[in-house]
Amino acid sequence: MLWLRGGVLRTPPQPHQKKKEKAKMSFPKNFLWGGAIAANQCEGAWNEDGKGPSIQDVMPRGVMGPVSDQPEASNLKLVGIDFYHRYEDDIRLLAGMGFKIFRLSIAWSRIFPRGDEEEPNEAGLAFYDKVFDACLRYGMEPLVTLSHYETPLYLAQHYDGWRDRRLIGFFERYCRTVFSRYRDKVKYWITFNEINAIMNFPLMGAGIWTPKEKLTLQDKYQAAHHEFVASALATKLLHEMIPGAKMGCMVLGALSYPMTPKPEDMIAMMEADRNVMFFSDVQARGYYPSYIRKRWEREGIEIHMEPGDEELLKNTVDYISFSYYMSKCTAADCSQYQKGAGNLTSGVKNPYLKESEWGWQIDPQGLRYTLNYFYDRYQKPLFVAENGLGAVDQLTEGPDGQPTVQDDYRIAYLRDHLLEVEKAVEDGVDVMGYAAWGCIDLVSASSAQLKKRYGFIYVDRNDDGTGTLARYKKKSYDWYRRVIETNGESLKE
Ligand code: BGP
């Protein structure tokens, strides 16, 4: 029998021509497997070797609570997990899983304690020399975030953070200093962690000291403009100073689904997603999109730009990175639905998803969707800079008599998400790599808790500040080691 398809006569598919069962996983050979941390959530040593305080040192309750007048002992970040003194052992442990990449941040106030000095703090620079050397010795590429929610406190209190244009110059000096110092050690960089966080959490996102209730949209977009210019300048500098090095932007990637197929819910979704994509649009395309210019016009927002700003913005990033923990739902009228919790953002609860102990809805397929969404929009390489499950872990005795955690729930979460990353690769998306968030337990950014654990490595420290700080491998440690060793093949087991 002959089939007519597309005007051409064809023979029907024979049994042996049926779609083959896929034999191999599609992760590229050089896929950057690894994990991620941030300085303020794990280093501790908040005032050692000349470090100045950062905004985190006065945020004892994360974004959930008020700031304190000065660093106070109850703030778990002041000690963190003591990475500052234990980095060598921690890096060795992480390397034991075969990490190819280790995302970490430089605490800006270790290098420039106030932020506006002319000269850097040599002890701070020397610390990161040792950290990067250790990474390279153990075969891991460091991927460095220049600003991960840790604006120097002085810049927040005396300049109102990124609302002041002078921060562009201070950031430029900081970038020049670290690019020149680490030119032979660091190839991968990110400018601002979750740059879109400025809209909901202006202090954490952009070091803005003015209480957020007093800020107008104009204020926030103006501060974002300064960050965009600074980011473009950093990208330009990096390309000039370290040929071949790659700069990425980083956004909090929580995209929305429409609550119903009603056209007005679709429009609400489009608008919600633009609030996220606006930030990568500017950094990846190099100009302000028409939808935001129209919005500004409608709302009477006028962004002050200096001559040369728009030209500078054309220095676009080499890759797009994002954090992914959850998706959310939206509707034209959200009031009739139950509100969901979320990572620095929230929407309407999706009735089809389960959630973590902190109410974040778990949606592995949303990661495949997000990867495709970003790639369709930019056709630039993507890096999953954060993903993971914050959970309460119980320490038990392992088969070898050592303390451990049977964290099958974490393994299931990560496996499900990684399988979706693989599907995205199979969809044709260029995914450079994947960093599991909080690969070693650390202090939570939103709630400043330690019991919200993400790691493959357990750190014995509790919310009341007790604990020996000893490190123990969880069950997920060996699981992830095998995933990396087999370049993802073991995910099928
Ligand atoms: C992102 C931040 C991280 C991190 C993570 C998990 O928003 O970039 O710093 O902490 O979320 O969030 P949390 O620590 O609140 O669980």
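Placed above this text is the structure.
My aim in this report is to walk through the structure given alongside it, one point at a time. (Residues numbered from 1 in each chain as written. Predicted model: local features only at pLDDT ≥ 70, side-chain atom pairs only at ≥ 80, totals over all residues. Heavy atoms only, no water.)

1. Here's the deal with the overall build of the protein
(1) Moving on: For the protein, the count of helices and strands is 14 helices and 18 strands.
(2) Moving on: Taking 2.2 N^0.38 as the reference for a compact globule, 493 residues should give roughly 23 Å; the C-alpha atoms of the protein span a radius of gyration of 23 Å, in line with that estimate.
(3) Moving on: Principal-axis analysis of the C-alpha atoms places the extent of the protein at approximately 80 × 65 × 50 Å.
(4) Moving on: The burial tally for the protein puts 59% of its 493 residues in the buried class.
(5) Moving on: Accessible area for the protein stands at about 20,400 Å²; split by element, carbon and sulfur atoms hold 50% of it. (Helix = DSSP H or I, 4+ residues; strand = E, 2+ residues; numbered from the N terminus. Rg over C-alpha atoms; globule rule 2.2 N^0.38 Å. Buried < 20%, exposed > 50% of the residue type's maximum accessible area, 1.4 Å probe, protein only. Areas by Shrake-Rupley, 256 points an atom, 1.4 Å probe, with all protein chains shown as cover.)

2. As for the pattern of salt bridges
(1) Moving on: Counted under the stated rule, the structure contains 40 salt bridges.
(2) Moving on: When the shortest N-O distance is used, the salt bridge between Arg137 and Glu88 registers 2.8 Å. Pair noted here: Arg137 is in helix α4 (residues 122-137) and Glu88 is in helix α2 (residues 83-95), with a separation of 49 residues, a long-range link.
(3) Moving on: Across the salt bridge formed by Asp281 and Arg377, the nearest N and O atoms sit 2.8 Å from each other. Highlighted residues: Asp281 in helix α9 (residues 263-285) and Arg377 in helix α12 (residues 364-378), separated in sequence by 96 residues.
(4) Moving on: For Asp281, a relative accessible area of 0% puts it in the buried group.
(5) Moving on: Under the relative-accessibility criterion, Arg377 is labelled partly exposed at 22%. (Salt bridge = Lys/Arg side-chain N within 4 Å of Asp/Glu carboxyl O.)

3. Re the pairing of strand β3 (residues 32-36)
Consecutive side chains of a regular strand alternate in pointing toward one face of the sheet and then the other.
(1) Moving on: Of all five residues in β3, five are buried; the element is thus mostly enclosed.
(2) Moving on: Burial along β3 is two-sided: Leu32, Gly34 and Ala36 facing one way and Trp33 and Gly35 facing the other are all buried.
(3) Moving on: As defined by bridge partners, β3 adjoins strand β16 (residues 431-437) across five bridges and the pair is classed as parallel. Bridge pairing in β16 links Leu32 to Gly433. (Pairing = 2+ DSSP bridges.)

4. A closer look at the environment of Lys100
(1) Moving on: With respect to the helices and strands, the residue Lys100 is situated in the loop between α2 and β4 (101-105).
(2) Moving on: Between the C-alpha atom of Lys100 and that of Gly207, which follows or precedes it by 107 residues, the distance is 32 Å.
(3) Moving on: Excluding residues within four positions of it along the chain, Lys100 makes contact with Phe31, Leu32, Trp33, Gly139, Met140, Glu141 and Ile484. (Contact = heavy atoms within 4.5 Å.)

5. A few points about the site of the ligand
(1) Moving on: Not every one of the 16 residues close to the ligand is listed here, only the nearest: Gln41, Glu194, Ala445, Ser446 and Tyr454.
(2) Moving on: Ser444 has a polar side-chain atom sitting 3.3 Å from an oxygen atom of the ligand.
(3) Moving on: At 2.5 Å, a side-chain N or O of Tyr454 approaches an oxygen atom of the ligand.
(4) Moving on: Class assignment of the residues belonging to the shell around the ligand gives a composition of seven nonpolar, six polar and three charged. (Near = heavy atom within 4 Å. Polar contact = N/O pair within 3.5 Å; in protein donor to acceptor, adjacent residues only side chain to side chain. Nonpolar A, V, L, I, M, F, W, Y, C, P; charged D, E, K, R; others polar.)

6. Examining the pairing of strand β7 (residues 246-252)
(1) Moving on: Most of β7 is tucked away: six of the seven residues are buried.
(2) Moving on: Relative to β7, strand β6 (residues 188-192) runs parallel, the two sharing three bridges. Residue pairing across strands places Trp189 opposite Met247, the latter belonging to β7.
(3) Moving on: Summarising the sheet, β7 and strand β9 (residues 319-323) pair through five bridges and their orientation is parallel. Note that in β9 the partner of Leu252 across the bridge is Ser323.

7. A word on the packing of aromatic side chains
(1) Moving on: Going through the model one piece at a time under the given rule, you end up with 36 aromatic pairs.
(2) Moving on: With 6.1 Å between their ring centres and 70° between their planes, Tyr325 and Tyr454 make a pair best called edge-to-face. Linking Tyr325 in the loop between β9 and β10 (328-330) with Tyr454 in the loop between β16 and β17 (457-459), this pair joins segments that are 129 residues apart in sequence. As far as burial versus exposure is concerned, Tyr325 and Tyr454 are alike and both buried.
(3) Moving on: Every member of this aromatic cluster is reached through a ring pair, and the members are Tyr84, Tyr87, Phe127, Tyr128, Phe132 and Tyr182.
(4) Moving on: Over the ring of Tyr154 we find Arg114, and its NZ or CZ is 5.2 Å from the ring centre.
(5) Moving on: Looking at Lys452, its charged tip hangs above the ring of Trp360, at a distance of 3.8 Å from the centre. (Phe/Tyr/Trp six-rings, centres within 6.5 Å; stacked < 30°, edge-to-face > 60°. Lys NZ or Arg CZ within 6 Å of the ring centre and 35° of its normal.)

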